Amino acid sequence: MRIDPTHGTKVHVVGSRQSRPVLATNVASGSCPVCVEGLEAPEEYVVRWFPNRWPAMPDERCEVVLYSPDHHATWSSMTVAHIEKVIELWVERTDALAVRDNVDCVFVFENRGAELGATIEHPHGQIYAFDHMPTRSRERLTWTPRFDSHLTVTNNASWRCAVPAASAYPVALELWPTEQRQDLMSLTSQQRRGLADILHDVMSRLDRLYATPLPYMLWINQRDFSATTTHDHWLHIEIVSPWRGPNLMRYIAAAEVGTGEYFNPVTPESLAATLADRAE
Ligand SMILES: [Zn+2]
């Protein structure tokens, strides 16, 4: 890992990833590596994980999580009971990685859509286990919920979803448990069910936003597993998309890359109102 001398930005130089295949999967020809009987999923499964064959970091820190054996499944097509299985696997893998002495941050995430560089269509996420807290993940340890009815998308008995007031992305959401928890393992069974329910609901709204499947990034911010003292971290999930309209990318370009400031053409309040209206 190298560190930029001016900005302190950490850069993982991973030349080996240039050789990973881009899998334009065709389920009919049986070429999907994660459909049942594929290279990475030789046996039937409900949810499944395996080490990434093209890891971005050494020492078994990169894993792939398969959400469903159904090549075409989405968060909105999966039942709440099935989504709970995905969450249980996130919990199991976070727990297994967090106990390692050389893991501080367990970063659970998903990139969906070729627009965001996803190389496999099949519904899946990933986990990176860092040996340090990345800068932004550390900054998110101080995040706390803010309640603004104009930014609320939806609530259930144990979770809330809202648009952040100063989102850098045209589509951005934050989800958090109403009762504070610091990591996935400490969620109660009721909170896990609530998370499954709100993910199913919110992801369905996102796909209805532009009436076409939305490319998005999703990630989970959880506590620093090396910290010996307890802090006030509040587990939360962020979901963002670069689309400012149907099939319309908002590119992060010179004025943003060069200054670190963002110009967002979508008003967060109007996004919240639109998504609040997109219930099933
Ligand atoms: Zn598949």
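First, a word on scope: everything that follows refers to the structure included in this document.

Cut-offs used in this document
- Residues numbered from 1 in each chain as written.
- Predicted model: local features only at pLDDT ≥ 70, side-chain atom pairs only at ≥ 80, totals over all residues.
- Heavy atoms only, no water.
- Pairing = 2+ DSSP bridges.
- Helix = DSSP H or I, 4+ residues; strand = E, 2+ residues; numbered from the N terminus.
- Donors = N, O, S within 2.8 Å, 3.2 Å for Na, K, Ca; no water.
- Buried < 20%, exposed > 50% of the residue type's maximum accessible area, 1.4 Å probe, protein only.
- Phe/Tyr/Trp six-rings, centres within 6.5 Å; stacked < 30°, edge-to-face > 60°.

1. Observations concerning the pairing of strand β7 (residues 152-155)
Both β7 and strand β8 (residues 159-162) contribute to a ladder of 3 bridges, which runs antiparallel. Bridged to Thr 154 within β8 is Cys 161. Linking β7 back to β8 in an antiparallel pair, the connection comprises 3 residues.

2. Focus: the coordination of the zinc ion
Coordination of the zinc ion by the protein comes from Cys 32 (SG), Cys 35 (SG), His 71 (ND1) and His 122 (ND1), over a distance range of 2.0 to 2.3 Å. If you list the donors of the zinc ion from N- to C-terminus, the spacing comes out as C-x2-C-x35-H-x50-H. Taken together, the positions of Cys 35 in the loop between β2 (10-11) and β3 (48-51) and His 71 in the loop between β4 (62-66) and α1 (80-98) put the pair 36 residues apart, joining distant regions of the chain. By the burial criterion, Cys 35 is buried, and His 71 matches it.

3. So, the packing of aromatic side chains
Scanning the entire structure with this criterion turns up 8 aromatic pairs. Between Tyr 67 and Trp 75, the ring centres sit 4.8 Å apart and the planes meet at 50°, which makes this aromatic pair tilted. The buried category is assigned to Tyr 67, whose relative accessible area is 1%. With a relative accessible area of 3%, Trp 75 lands in the buried category. Taking 6.4 Å as the distance between ring centres and 45° as the angle between the ring planes, the aromatic pair formed by Tyr 210 and Trp 243 counts as tilted.

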